[in-house]
Amino acid sequence: MKRFVLFLLCLISIIAAFAQIQPSAVDTLKTRDKFTKVIIYEDHTWEYWYLPKPEIDGESLSDHWDTETIHAYKDVPIATLPESVELKLVDDTHHYVLPVAGALSSRYGMRHNRPHRGVDIPLSTGTPVKVAFDGIVRIAEGSEHTGGYGNLVIVRHPNGLETYYAHLSKILVKEGEIVRAGESIGLGGSTGRSTGPHLHFETRYMGKAFDPERVIDFSTGKLRGDTLTVKRGYLDINSHYGQASNTSVASQSSMPKATYHTVKKGDTLGKIAKKYHTSVERLCKLNRIRSTTVLSIGRKLRVR
């Protein structure tokens, strides 16, 4: 027993001595990678400090990647999108943070006979605006190139969504930068077409805006669910969260039908694309095929 007690005392002494000789950190330095820092200790030694970095496959987000055009999916008709798609918003590796807290001052829908494709949240100039989900910055552009949006940041997310953050007084990120949910991407302001400091926040699927209140309960700041169902009818300015019907009357009456082509002898993807004034890339996406796919006679291909 005495030997055991002596052993414990020796062990405690060694741990205490070791703790005393550990140098204290005196400074932290940035590196080219914002997820990697350098810690400087008082004895002039240093080590790398690695921060959690979102796992994002850049190639999966490359479709219609455009750092100059605000709305990159202009050539994609709503009719070509799925009737309904489920998008995972959060999981064990990807999280969510409310961009800015506050009651909505303006909702999604028609406003003064003009479409208002997002929600407005009042704030004080200089308030940090946080990105809602992990993603990659596609647009980080000043007022002179964005029209009414003012200073604008657009982030593309791995689940197929894009979120817009407009009227910023200052942009804190750059195009192509990976951002983590909760990271400050700008400071709130009143740039562009704005009557006072607020954040204009949009949610878009394949470039088509839908009511952000379908994603976030702004009264609590929480997501309405871990998974979001986006129906084609939601992608209409007259369709908003809380309606009795899932699809607005306007979207039902104006939605064009899909167009198909029956493959004939001698047809190629190039010929079909030219006939319908589209591209081979678009045909491949609509039909989930490759440009090298052999077309069998009689097969129906969706062209619009």
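Residues numbered from 1 in each chain as written. Predicted model: local features only at pLDDT ≥ 70, side-chain atom pairs only at ≥ 80, totals over all residues. Heavy atoms only, no water.

Colleague: Any chance you could break down the overall build of the protein for me, citing the residues and the numbers?
Modeller: Of regular secondary structure, the protein possesses four helices and 21 strands. In the protein, buried positions account for 41% of the 304 residues. Intrachain contacts of the protein at a sequence separation of at least 6 include 59% that bridge at least 24 residues. For the protein, the accessible surface area stands at approximately 17,400 Å², while carbon and sulfur atoms represent 53% of it. (Helix = DSSP H or I, 4+ residues; strand = E, 2+ residues; numbered from the N terminus. Buried < 20%, exposed > 50% of the residue type's maximum accessible area, 1.4 Å probe, protein only. Contact = heavy atoms within 4.5 Å. Areas by Shrake-Rupley, 256 points an atom, 1.4 Å probe, with all protein chains shown as cover.)

Colleague: Describe a nonpolar patch on the surface, listing the residues and the values that go with them.
Modeller: There is a patch of nonpolar side chains on the surface, built from Trp46, Tyr48 and Tyr50 and spanning about 410 Å² of accessible area. You can see tyrosine 48 is positioned in strand β3 (residues 46–50). (Patch = residues over 30% accessible without salt bridge, like charges linked within 9 Å, V, L, I, M, F, W, Y side chains within 5 Å. Salt bridge = Lys/Arg side-chain N within 4 Å of Asp/Glu carboxyl O.)

Colleague: Which residues make up the sheet that holds strand β8 (residues 128–130), and what are the values?
Modeller: Strand order in the open sheet made by the three strands is β8-β14-β12, with antiparallel pairing throughout. The open sheet has two edge strands with one neighbour each: β8 and β12 (170–171). (Pairing = 2+ DSSP bridges.)

Colleague: Go over the side chain of aspartate 120 with me, naming the residues and quoting the values.
Modeller: By the element assignment, aspartate 120 lies in strand β7 (residues 119–122). In contact with aspartate 120, other than residues within four places in its own chain, are Ala103, Leu104, Ser105, Ser106, Arg111, His198, Leu199 and His200.

Colleague: I'd love a proper account of the pattern of salt bridges, names of residues and values included.
Modeller: Tallying each qualifying case throughout the model produces 10 salt bridges. A salt bridge links arginine 232 to glutamate 83; the nearest nitrogen and oxygen atoms lie 3.5 Å apart. Of the two residues, arginine 232 sits in the loop between β19 (227–231) and α2 (249–254) while glutamate 83 sits in the loop between β3 and β4 (84–88), which places them 149 residues apart along the sequence. Its relative accessible area of 10% is what places arginine 232 among the buried residues. In this structure, lysine 174 engages glutamate 177 in a salt bridge whose closest nitrogen and oxygen atoms are separated by 3.8 Å. Three or more residues are tied together by salt bridges with common partners; here these are Lys34, Lys174, Glu177 and Glu183.

Colleague: An account of the sheet that holds β3 is needed here, citing residue identities and associated values.
Modeller: Strand order in the open sheet formed by three strands is β1-β2-β3, and the pairing between neighbours is antiparallel. In the strand order of this sheet, the two ends are held by β1 (25–30) and β3, each with one partner. Ignoring strand direction, the axes of neighbouring strands in this sheet form an average angle of 30°. (Axes fitted to C-alpha atoms, helices over the stretch in contact; angles between N-to-C directions.)

Colleague: Describe in detail helix α4 (residues 280–287), supporting the description with residues and values.
Modeller: Each full turn of the α-helix corresponds to 3.6 residues, which orients residues three or four apart in the same direction. Turning to α4, its buried residues are Arg282, Leu283, Cys284, Leu286 and Asn287. On the buried face of α4, the contacting elements are α3 (269–275) and β21 (300–302). Arginine 288 lies just past α4 and shows a positive phi near 55°.

Colleague: How would you sum up the nonpolar core? Please name residues and give values.
Modeller: Ranked by size, the top nonpolar core spans 41 residues in total, and within it Tyr165 and Phe210 carry the most contacts. Listed by contribution, the elements that provide at least two residues to this core are β4, β7, β9 (135–141), β10 (151–156), β11 (161–168), β15 (198–205) and β19. Ranked by size, the runner-up nonpolar core spans 11 residues in total, among them Ile272, Ile289, Leu295 and Leu301. (Core = buried A, V, L, I, M, F, W, Y, C linked by side-chain atoms within 4.5 Å.)

Colleague: Summarise the packing of aromatic side chains; cite the residues concerned and give the values.
Modeller: According to the stated counting rule, one finds five aromatic pairs in the structure shown. Arranged with centres 5.7 Å apart and planes meeting at 40°, the rings of tyrosine 96 and phenylalanine 133 form a pair that is tilted. In this pair, tyrosine 96 sits in the loop between β4 and β5 (109–111) while phenylalanine 133 sits in the loop between β8 and β9, placing the two residues 37 residues apart along the sequence. As far as the burial class goes, tyrosine 96 and phenylalanine 133 line up, both buried. An aromatic cluster of three or more residues is present, and its members are Tyr165, Phe201 and Phe218. If you follow arginine 204 out to its NZ or CZ, it ends over the ring of tyrosine 164, 4.9 Å from the centre. Here the guanidinium or amino end of arginine 214 rests over the ring plane of tyrosine 234, the centre of that ring lying 3.5 Å away. (Phe/Tyr/Trp six-rings, centres within 6.5 Å; stacked < 30°, edge-to-face > 60°. Lys NZ or Arg CZ within 6 Å of the ring centre and 35° of its normal.)

Colleague: For the environment of threonine 278, give the residues involved together with the corresponding values.
Modeller: Locating threonine 278 in the fold gives a position in the loop between α3 and α4. Spatially, the C-alpha atom of threonine 278 lies 9.4 Å from that of aspartate 75, the residues being 203 residues apart in sequence. Leaving out residues up to four positions away in the same chain, threonine 278 has contacts with Ala273, Leu283 and Val303.

Colleague: An account of the side chain of lysine 208 is needed here, citing residue identities and associated values.
Modeller: If you trace the backbone, lysine 208 turns up in strand β16 (residues 208–210). No salt bridge forms around the buried lysine 208; measuring N to O, its nearest opposite-charge neighbour aspartate 75 is 6.7 Å away. Of the polar contacts made by the side chain of lysine 208, one reaches the backbone oxygen of tyrosine 73; its length is 2.9 Å. When residues no more than four places from it in sequence are discounted, the contact partners of lysine 208 are Tyr73, Val76, Pro77, Ile78, Leu81, Thr203 and Leu235. (Lys, Arg positive; Asp, Glu negative; His and termini not counted. Polar contact = N/O pair within 3.5 Å; in protein donor to acceptor, adjacent residues only side chain to side chain.)

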